[in-house]
Amino acid sequence: EEMRDELQSEFCCIAGQIFFSPELIFEAIEVFSRILKFGFVLFESTEDCERDATFQRRALLLERISACVHMIIQRDHFNVGSKVCKDAVRIASMDIVVELARRACTQPTEQPLLSTLEERLNGLKKWSARLCIAQELYPLHNDLKVCLEKSVVDFLTKQIFDLVVVRYPESGDIIDDLRHCMQNNAGYGRKKLVETLASEVKRRLLHIGMGTRDILQGYASAVDCLRRLDPTCVIMQHICSIIRTYVKRRPDTVRSIITYITGEKREELSEQLTKKHAAIVDEEDMIGVNDELICDEDGDQNWREWQPDPPDAIPGQSRRFRQNADVFNVGFYLWQQRFIRQEYRQLLAERLTNHGTEIHISSYATWNC
């Protein structure tokens, strides 16, 4: 009997080596990975399904798949663990993680995005234990986390215009998760995100059918959101420069800006103008300025937190101007400051004529100060 068991073991090893020859190894890995992914689908359905007849059928099928997987990966049977099982588990788990990220990004829940994905990763561990592949999955934990975060960046990049211009500030938590995923992976997807957002801004925002007021609102959302996404403000400066270049060509730009910042944003404008360091400067005036030589009251406290500019920052561009820019930094239309004062006075005169002398006096005084 011992000799029979030994011969059976040797036969299975030889059979495994023949069956999983180099000519069939890739096909075997693909088939096995599909079996594992189908097992995950069944596992998810049994976790959320009520215990009825459907649940029993799915649970029975899952048990059969588990037995099949257990038979394949056992060395006493085919001795293919190092050849097929590890690669198949890796491929299947990576594909599952990508699908989990896609669902979380396209079907948002009330919970934070990354918290939802962490819970689903825990479900992946239960699935591996159910199919007897926990030992093969454990070494992939860090790789799966990286794959998850990169997948989040990829899927959110496809929605970046809506997140930045349309849905902000409601999308603030998702922007924080996106920033976290990019920072954890050495700025992964940064270039593609900038290219996608720039293309979408030109296509959906900067066209003749969009009013100047709507463009300014999109500009304001982009400033706040992109500063939150990228504290260095390099992305913000790149995207907003595209908007500024387009808006300069519109004849109603000056009047729309003045109406916007003295209407909806009047209180915020007053707050900005009364800040000690507030200054309205043009971007061209800051070319070649060495930020390190400019005194800063908070410099002694913040020097330990200093970080260099990212690789995509424009050499010679003032970091101080970039990080202090916002919707009220109106340098992009101050190339004709005298004309702006005339335009503002005309607009104020129209409002005083239509609504009386008690309206907008405070904003006019703030502007002239």
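Residues numbered from 1 in each chain as written. Predicted model: local features only at pLDDT ≥ 70, side-chain atom pairs only at ≥ 80, totals over all residues. Heavy atoms only, no water.

As recorded in an unreviewed UniProt entry, the chain goes by Anaphase-promoting complex subunit 2 TPR repeats domain-containing protein and comes from Parascaris univalens.

Take the overall build of the chain next. Helix and strand content of the chain: 18 helices and zero strands. Here the chain, with 369 residues, has 41% of them falling under the buried criterion. Taking contacts inside the chain between residues at least 6 apart in sequence as the whole, the part at least 24 apart equals 77%. For the chain, the accessible area works out to roughly 22,000 Å², and carbon and sulfur atoms hold 52% of it. (Helix = DSSP H or I, 4+ residues; strand = E, 2+ residues; numbered from the N terminus. Buried < 20%, exposed > 50% of the residue type's maximum accessible area, 1.4 Å probe, protein only. Contact = heavy atoms within 4.5 Å. Areas by Shrake-Rupley, 256 points an atom, 1.4 Å probe, with all protein chains shown as cover.)

Our next topic: the environment of Val69. Positionally, Val69 belongs in helix 3 (residues 53-73). Assessed through its relative accessible area of 0%, Val69 is described here as buried. Between the alpha carbons of Val69 and Ile133 there is a distance of 8.2 Å; along the sequence they are 64 residues apart.

Once that is clear, we can look at the side chain of Thr232. Relative to the helices and strands, Thr232 resides in the loop between helix 11 (212-229) and helix 12 (234-247). Within polar-contact distance, the side chain of Thr232 engages the side chain of Asp230 at 2.6 Å. (Polar contact = N/O pair within 3.5 Å; in protein donor to acceptor, adjacent residues only side chain to side chain.)

It is worth spelling out a nonpolar patch on the surface at this point. A contiguous nonpolar surface patch, about 250 Å² in accessible area, is contributed by Phe38, Val41 and Leu61. Residue Phe38 is classed as partly exposed on the basis of its relative accessible area of 41%. (Patch = residues over 30% accessible without salt bridge, like charges linked within 9 Å, V, L, I, M, F, W, Y side chains within 5 Å. Salt bridge = Lys/Arg side-chain N within 4 Å of Asp/Glu carboxyl O.)

This part is about unusual backbone geometry. Note the cis peptide between Tyr168 and Pro169, where omega equals 15°. One can find Pro169 in the loop between helix 8 (160-166) and helix 9 (172-184). Even without being a glycine, Ala186 presents a positive backbone phi close to 55°. Tracing the sequence through the fold places Ala186 in the loop between helix 9 and helix 10 (190-205).

Glancing now at the packing of helix 7 (residues 141-157) against helix 9. Geometrically, a packed helix pair is captured by the angle between its two axes and the distance between the axes. Where helix 7 meets helix 9, the closest approach of the two axes is 9 Å, and the angle between their N-to-C directions is 130°. In terms of axis orientation, helix 7 runs oblique to helix 9. Two packed elements cross with a definite hand, and for helix 7 against helix 9 that hand is left-handed. Mapping the contact onto sequence places Glu149, Val152, Val153 and Leu156 in helix 7 and Ile174, Leu178, His180, Cys181, Met182 and Asn184 in helix 9. (Axes fitted to C-alpha atoms, helices over the stretch in contact; angles between N-to-C directions. Parallel < 35°, antiparallel > 145°, perpendicular 65-115°, else oblique. Left-handed = near helix turned anticlockwise from the far one by under 90°.)

For the rest of this paragraph, the subject is the state of the cysteines. Inspection of the entire model under this criterion finds zero disulfides. Cys105 supplies the cysteine sulfur nearest to Cys181, a cysteine that is in no disulfide, at a spacing of 8.2 Å. (Disulfide = S-S within 2.5 Å.)

One pass over the structure, following the stated rule, counts one aromatic pair. Ring centres of Phe40 and Trp127 lie 5.7 Å apart, and the angle between their planes is 90°; on these two criteria the pair is classed as edge-to-face. Of this pair, Phe40 sits in helix 2 (residues 25-48) while Trp127 is found in helix 5 (residues 113-130), placing the two residues 87 residues apart along the sequence. Taking the relative accessible area as the measure of exposure, Phe40 reaches 5% and is therefore buried. (Phe/Tyr/Trp six-rings, centres within 6.5 Å; stacked < 30°, edge-to-face > 60°.)

Tracing the chain through its elements places Ser128 in helix 5. Discounting residues that sit within four places of it in the chain, Ser128 has contacts with Ile133, Ala134 and Leu137.

Here we take up the packing of helix 9 against helix 11. At a closest axis distance of 8 Å, the pairing of helix 9 and helix 11 adopts a crossing angle of 35°. Touching Gly172, Asp173, Ile175, Asp176, Leu178, Arg179 and Met182 of helix 9 are Cys225, Arg228 and Leu229, all from helix 11. Of the residues belonging to the contact of helix 9 with helix 11, the class tally is five nonpolar, one polar and four charged. (Nonpolar A, V, L, I, M, F, W, Y, C, P; charged D, E, K, R; others polar.)

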